[in-house]
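# Reading the structure
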Amino acid sequence: MRVTMRIRRFNPEKDQKPYWADYTLDQVEPNDRVLELLHRVKWEQDGTLSFRRSCAHGVCGSDGMRINGVNRLACKVLVNALDSGDHVKIQIEPMLGLHVIKDLIVDMEPFFEHYRSVMPYFVNDDPLPEDGRERLQSPANRAQFDDTTKCILCACCTTSCPSFWANGDYVGPAAIVQAHRFIYDSRDNAAAERLKVLREPDGVWRCRTIFNCTSACPREIEVTRAIAEVKAAMRRGVKHPDPE
Amino acid sequence: MQTHQYEAVIIGAGGAGLMAALYASRHVKTAVISKLYPTRSHTGTAQGGIGAALGNLEEDRPEWHAFDTVKGGDYLSDQDAALVLAEEAVSAVIELEHLGLPFDRTSEGRISQRRFGGHTSGFGGSPVRRACHAADRTGHMILQTLYQQCIKNDVMFFDEYHVIDLIRSGDTVVGVVAININDGKLHVFHSKAVLFATGGWGKVWEITSNAHTLTGDGNAITYRRGVPMQDMEFFQFHPTGIYKMGILITEGVRGEGGVLINDRGERFMERYAPSIKDLASRDVVSRAIYLELEAGRGIKGRRYVHLDVTPETVNRYLAEAGEDRRIDAEYIETRLPDILDFCRTYLGVDPVKEPMPVQPTAHYGMGGIPTDLDGRAVIDGSRTPLPGLYAAGECACVSVHGANRLGTNSLTDLIVFGRRSGKHMAEYCQGADFVPLPDNPAGEVEAELQRICTASGSRKPYEIRAEMQQIMMKHVGVFRTASGMQEALDTVRRLQEQFKTDLVIDDRGQRFNTDLLEAWELGCLLDIAEVTAASALARQESRGAHSRDDFPKRDDEKWMVHTLAYPTDDGGIRLDHNKPVDMSLAEKDERFKAKERVY
Ligand SMILES: Cc1cc2nc3c(=O)[nH]c(=O)nc-3n(C[C@H](O)[C@H](O)[C@H](O)COP(=O)(O)OP(=O)(O)OC[C@H]3O[C@@H](n4cnc5c(N)ncnc54)[C@H](O)[C@@H]3O)c2cc1C
Ligand code: SF4
Ligand code: SF4
Ligand code: FES
C-alpha cells in the first residue's frame, strides 16, 4: 500500500517556525511499524529528519510521539492499527508540553526532573537479613505494585495530560506512577517523604482524573488507578494496606 | 572545546556501566557518559532472568553453575572467570534485591527461579531452576533499579553524549572525546581511568534481537587505538526470534514448558538433544532449527518453525515426561506477559492459543575487549594490562562465555564484573595521577566527522549497512563455509572502501545530527564485521557458535586458544592465536576437562 506521512518539522538552526512536510512511501506492508516508515523517510528520502529510537519493540521508551493525534511509541504501532485501504495518511508530531529540540525530539529534562523529585529509588536502612540472604516479600505484597514496575519513562502519559499542558510544574502521571511503585512496596520505608512531595500544590491533586494518561500508556499501566491509590495512601496515612 | 576532568569515566549506562558507577563513585570523582538516556539502554530489554545458584526451589551449587558455563561455552571459557561468575553471582543477585529489585517471589517470599537452557544440577544432570526472574522483564528491573540507585547516590551523568574516540598518551589511557548530541559540540574528558560498557553489536546482522543503537562503538574505538578484539568469531544466534523481525522470544518460554515443532508436527529437539531437548544450549538449538529448515521442514516450507507454549501442548508433553506439573492460560499470562504482548502486537498471534513463528536471530557477542578478572583491558597473550583502560558487560570478553553464552549469564556477567571493575577502578584512581593530555586530543576524530559531514559521494549509509547486514547474515551466521566467509570478508572490505571514499549524508547541521552519528556508527559496524569474518575464516574448527562445514569437529589439539585481532598500520588485521584458555578448574577436577558436548 501507499502511505503519506505528514510530519511536523522544525530545526531551530534554520527554520523560523515549525511546518508540515509530506513524504510518500510505496510498498508499505500493513504490519510495518510506524518506526520503520520513519526510518524509510530518513534513510531513503531525507536524512535530516530527526527522532529518537533504540529497541524498536516498545521497551526502551525512546520514541514517544503524537501519531494521528494520540501519544504512541512509533515502534509499537502498526500501520494496520491506524487505517486500511490503498492510500493511508499518517500524521506525526512531537509530544506536546515539552520544548521541541528538533523535529520529533523534545527536551526530556523537565520530565526527568519531575521524576527525580519523587525520590524514585528504594529506601530501607534497616539491618539486612542476618543470614546474608534476600529480604522476604510475599507474592501478594509483590503483586501490589507490579503494574507500576512496568513503566519505561516514555512520557506518553505526562505529555497527554491536560493538567500538565496547563501547568508544566505539575509532577505529572509518570512521576506519580514511579512514586506508587515504591509507596506500595512493602520493603520500602520512605513512603511518608514521597507523599509529602506529592501533597504539594503541584503534586497529585492537580490530577483531574481525565484518563488521557491511562489510554496513552504503551505498557498498559493503569495510570489513573495508580494515582487514585496514591491519593488513598495519602488519606490513610502511610501504612501499607495488607493485600486481601 | 570544553575539557572536563573526572578521575573515573564510564562509557555506557546499561547494567554493567551503572553497576560499576555505583561502586566507583563511592570513592572517586566519576562521570557516566551515555549516548542514550540510561533507562533506554538495551539491558532493559533482557527478559528471562539472571542466573545464580541460590537454590531457592531446589538444590543448586555454584560449582554446577560454573560447570554449565564452561560446558555451554564449549570449553573456550576461561575457567577462573567462570568460577568467579558462578560464585559471586549469588551475592550479586542478593545485592540487587537489597537495592530494591522487585524479583518475583516463591510462596516462602524468596526470589523465584525458573529453568533455562543449559542449566543443570549435578554437573550435567537434569534441568535446574537457576534463573532469578521478575516476570519476563528482568533486565528492565535491573536497569531501573541501578539507575534509581545512581540517582539516590548523586552519580554524575552526561546523557546523550556520544563517545567517539579514546585518548592515549603513550602506554596510558588518559580520556575520551565525546560529542554532545544536542548541540554537536565536542567535549574532552580527561581521566585517570576509562571503563567501556557500551554493550553489543548485533546490528552487524540483518535479523537481530538487538537495538538500532547496538553498534559496537566501544569495541571499534578501542580497536582503532590498538586494543585487540578477542574471539569475535563467536557471535550467538538465539534460536527463537520472531520470524523476519528478530524480536526475541525468551528461552523462558521453553523453560516454562514450551516446545519447538516443525512442519511435520514433530518435536524435533528430541532428535538433537535427547536428554534435555528444547533446553539444550543455544548454539545447539539454533543449528537444529537451521538443519530442519534446510531439510525443508520449516512451517509450510518457509524459513521458520513453531514455538508452542499453549497449555494443551505443554501439558501433553509434561504428562508424557511423567511430570505432575500442569499449566493453564492464566499461568502463562503472569509468567510471560511481555512475550504475549509482543506476539499480539506485532504478529496478531495469541501464544496462549496458537504457536509462534520463530527463526534464529543474531543476539549476543561472546567476544570483545579482552579483560582480566578485575575488568582491566589486557592486550596480549600473556595478559598484559593497558594502564587506565577497563571494560565490562557485553563489550568485554573476560571470557566467561567462551564459544557460546548460556542464557541468564549475561546479566550475571554485568553485575559481577561491573562490580569488580568499579571497585578496581576506584582503587587504581586513588593510587594514580592524571597524566597530561596530548596536544589537540580531539583533532583526528574532528577531522573524520568533518569528512563524513561534507562527503559528496553516491552511497547513503543505509545502503552500505543493508549490504553488510545481508552478507553477514548469509555467510557469517549459524552455519559457515570457507568460501562464504571469504565472500563476506571481501564484500565488507569493499564496503569499507566505499564508506571512506564514496559516502554521502544529508544533514550538515550541528543540532541532533543523527544522520552523522548513524554514519559514524556504520564505520564501527564495518570494522567489527571485518574482524568477525576474518577471525571466523581463520579458526579451522567448529566450536560453540562457530560452526563450519569444512571443519565440522572441535579441535582441542590446535584450537584451545583465544583469537586476538589487532589492526595493522596498513589498514589490515593481524590475528594472534597464542592466548591459551584458562583450564584451572580442570587441573583439580576431571569433570572440567574438555570433552564431547552432549545434551
Ligand atoms: C532482547 C534481549 C533479551 C535478553 N535477555 C537476556 C536474559 O534474559 N538474560 C541475560 O543474562 N541476558 C539477556 N540478554 C543479553 C543482555 O541483556 C545484554 O548482553 C546486556 O544487557 C548488555 O548490557 P551492557 O551493560 O553491556 O550494555 P547495554 O545495556 O547495551 O548498554 C550499552 C550502553 O552503552 C551506551 N553507549 C554505547 N555506545 C556509546 C557511545 N559511543 N557513547 C556513549 N555511550 C554509548 C549506551 O547508551 C548504553 O547506555 C538479552 C539481550 C537481548 C537483546
Ligand atoms: S488522569 Fe490525571 S494525570 Fe491522567 S491525564 Fe488526567 S489529569 Fe492528567
Ligand atoms: S506510565 Fe506508561 S506512559 Fe507513562 S511514562 Fe510510564 S510507561 Fe510511559
Ligand atoms: S524504540 Fe524503544 S520503545 Fe520504541
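To be clear, the structure that these remarks concern was listed above.
The notes below deal with the structure included here. Treat the numbers as computed from the prediction; the structure is a model and nothing was measured. (Residues numbered from 1 in each chain as written. Chains lettered and ligands numbered in written order. Predicted model: local features only at pLDDT ≥ 70, side-chain atom pairs only at ≥ 80, totals over all residues. Heavy atoms only, no water.)

This next bit is on the overall build of chain B. Check the secondary structure of chain B and you find 18 helices and 22 strands. Its C-alpha radius of gyration of 23 Å places chain B within 12% of the 25 Å reference for a compact globule of 599 residues. Taken along its principal axes, the extent of the C-alpha atoms in chain B is 70 × 50 × 50 Å. Buried positions account for 69% of the 599 residues belonging to chain B. In chain B, of all internal contacts separated by at least 6 residues, the share reaching a separation of at least 24 is 74%. When the accessible surface of chain B is totalled, it reaches about 18900 Å², and 47% of it is carbon and sulfur. Put simply, chain B has 68 plus and 85 minus side-chain charges, and the middle of one group is 2 Å from the middle of the other. (Helix = DSSP H or I, 4+ residues; strand = E, 2+ residues; numbered from the N terminus. Rg over C-alpha atoms; globule rule 2.2 N^0.38 Å. Buried < 20%, exposed > 50% of the residue type's maximum accessible area, 1.4 Å probe, protein only. Contact = heavy atoms within 4.5 Å. Areas by Shrake-Rupley, 256 points an atom, 1.4 Å probe, with all protein chains shown as cover. Lys, Arg positive; Asp, Glu negative; His and termini not counted. Charge placed at Lys NZ, Arg CZ, Asp CG, Glu CD.)

Turning our attention to the overall build of chain A. Broken down by element type, chain A carries 9 helices and 7 strands. Out of the 244 residues belonging to chain A, those deemed buried represent 58%. Long-range contacts, defined here as pairs at least 24 residues apart, represent 66% of the contacts in chain A between residues at least 6 apart. Split by element, the accessible area of chain A, about 10100 Å² in all, is 49% carbon and sulfur. The averaged location of the 35 negative side-chain charges in chain A is 3 Å from the averaged location of its 34 positive side-chain charges.

Let us look at the layout of surface pockets. Put simply, the largest pocket is a space of about 1300 Å³. Lining the largest pocket are 40 residues, with Arg33, Glu36 and Trp43 of chain A together with Glu206 and Lys244 of chain B sitting closest to its centre. It is helix 1 (residues 34–45) of chain A that contributes the most residues to the lining of the largest pocket, 6 residues altogether. Taken together, the residues of the lining of the largest pocket break down into 15 nonpolar, 12 polar and 13 charged. Quantified by volume, the second largest pocket comes out at close to 760 Å³. In terms of lining, the second largest pocket is formed by 26 residues, of which the most central are Arg224, Glu448, Lys500, Gly523 and Asp527 of chain B. Of all the elements in the fold, those that place two or more residues in the lining of the second largest pocket are strand 8 (161–169), helix 5 (217–224), helix 13 (443–454), helix 15 (482–501) and helix 16 (514–538) of chain B. (1 Å grid on protein atoms, 1.4 Å probe; cavity = no way out; pocket = protein on both sides within 12 Å on 5 of 7 lines; lining within 4 Å. Points joined across faces, edges and corners; volume = space filled by probe spheres on them. Nonpolar A, V, L, I, M, F, W, Y, C, P; charged D, E, K, R; others polar.)

What follows is about the site of ligand 2. All names here are of chain A. Near ligand 2 there are 13 residues, and of these Cys161, Cys207, Ile210, Phe211 and Cys213 occur at the shortest range. Counting residues per element, the ones that place at least two in the shell around ligand 2 are helix 8 (212–216) and helix 9 (223–236). Split by residue class, the shell around ligand 2 holds 8 nonpolar, 4 polar and 1 charged. (Near = heavy atom within 4 Å.)

Facing 69 residues of chain A, the contacting portion of chain B comprises 60 residues. Taken together, the two surfaces of chain A and chain B that pack against each other cover about 5400 Å², and 49% of this comes from carbon and sulfur. Broken down residue by residue, the surface that chain A buries against chain B is led by Trp43, His57 and Glu134 of chain A, which jointly contribute 13%. With a closest N to O distance of 2.7 Å, Glu160 of chain B and Arg52 of chain A form a salt bridge. Where chain A packs against chain B, one counts 40 residue pairs in polar contact (both at pLDDT 80 or more). Every element with two or more residues in the side of chain A that touches chain B is listed here: helix 1, strand 6 (100–102), helix 3 (109–117), helix 4 (139–143) and helix 6 (172–183) of chain A. For the side of chain A that touches chain B, a count of residues per class yields 30 nonpolar, 16 polar and 23 charged. (Buried area = accessible area lost by both parts, 1.4 Å probe. Salt bridge = Lys/Arg side-chain N within 4 Å of Asp/Glu carboxyl O. Polar contact = N/O pair within 3.5 Å; in protein donor to acceptor, adjacent residues only side chain to side chain.)

Attention now goes to helix 12 (residues 409–430) of chain B. In this model helix 12 of chain B runs 31 Å from its N-terminal to its C-terminal C-alpha over 22 residues, within 8% of the 32 Å that 1.5 Å per residue would give. Of all 22 residues that make up helix 12 of chain B, 18 are buried, and the element is covered over most of its length. (Expected span 1.5 Å × (residues − 1).)

Inspection of every chain in the model, using the stated rule, returns 20 aromatic pairs over all chains. Among the aromatic side chains, those forming a connected cluster through ring pairs are Phe111, Phe112 and Tyr115 of chain A together with Tyr37 of chain B. Directly above the ring of Tyr23 of chain B sits Arg26 of chain B, whose terminal nitrogen or CZ lies 4.3 Å from the centroid. The lysine or arginine in question, Arg591 of chain B, covers the ring of Phe123 of chain B, its NZ or CZ lying 3.8 Å from the ring centre. (Phe/Tyr/Trp six-rings, centres within 6.5 Å; stacked < 30°, edge-to-face > 60°. Lys NZ or Arg CZ within 6 Å of the ring centre and 35° of its normal.)

Another point: the sheet that holds strand 4 (residues 70–73) of chain A. Residue and element names in this part refer to chain A. The mixed open sheet is built from 5 strands, whose spatial order is 2-1-5-3-4. Looking at which strands have only one partner, the edges of the open sheet turn out to be strand 2 (19–25) and strand 4. For this sheet, the mean inter-axis angle between neighbouring strands, taken without regard to orientation, is 35 degrees. As judged from the 7 bridges shared by strand 1 (residues 2–9) and strand 2, these two strands associate in the antiparallel manner. Of the residues in strand 2, the one forming a bridge with Ile7 is Ala21. Together, strand 1, strand 2, strand 3 (64–67) and strand 5 (87–93) form the strand contacts of helix 1, whose direction differs from that of strand 2 by roughly 95 degrees. (Pairing = 2+ DSSP bridges. Axes fitted to C-alpha atoms, helices over the stretch in contact; angles between N-to-C directions.)

Quick look at empty space enclosed by the protein now. A probe as big as a water molecule, rolled over the atoms, marks out the empty space that is left. The tally for this structure, following the rule as stated, stands at 9 cavities of 30 Å³ or more. Quantified by volume, the second largest cavity comes out at close to 280 Å³. If you trace the second largest cavity, you find 18 residues lining it, with Arg53 of chain A together with Lys35, Leu36, Thr213 and Thr514 of chain B closest to the centre. Per-element tally for the lining of the second largest cavity: the top contributor is helix 16 of chain B, with 4 residues. Its residues assigned to classes, the lining of the second largest cavity shows 6 nonpolar, 4 polar and 8 charged.

Here we come to the nonpolar core. The tendency in soluble globular proteins is for nonpolar side chains to be buried as a group. Core analysis: the largest hydrophobic core is formed by 97 residues, its most contacted members being Met108, Ile183 and Leu198 of chain A together with Ile50, Leu146 and Ile415 of chain B. With 9 residues, helix 3 (residues 79–98) of chain B is the single largest residue contributor to this core. Setting aside residues up to four positions removed in sequence, Met108 of chain A forms contacts with Arg52, Met95, Leu98, Leu153, Cys154 and Ala155 of chain A together with Tyr37 and Arg40 of chain B. Counting 82 residues, the second largest nonpolar core, distinct from the first, contains Ala178, Tyr223, Ala442 and Phe512 of chain B. (Core = buried A, V, L, I, M, F, W, Y, C linked by side-chain atoms within 4.5 Å.)

The next subject is the packing of helix 13 of chain B against helix 16 of chain B. Residues and elements named next belong to chain B. Where helix 13 meets helix 16, the closest approach of the two axes is 10 Å, and the angle between their N-to-C directions is 115 degrees. Considering the angle they form, helix 13 stands roughly perpendicular to helix 16. When you trace helix 13 past helix 16, the crossing you get is right-handed. Taken together, the residues of helix 16 that come into contact with helix 13 (itself represented by Leu449, Ile452 and Cys453) are Leu516, Ala519 and Trp520. Tallied by class, the residues present in the contact of helix 13 with helix 16 amount to 6 nonpolar, no polar and no charged. (Parallel < 35°, antiparallel > 145°, perpendicular 65-115°, else oblique. Left-handed = near helix turned anticlockwise from the far one by under 90°.)

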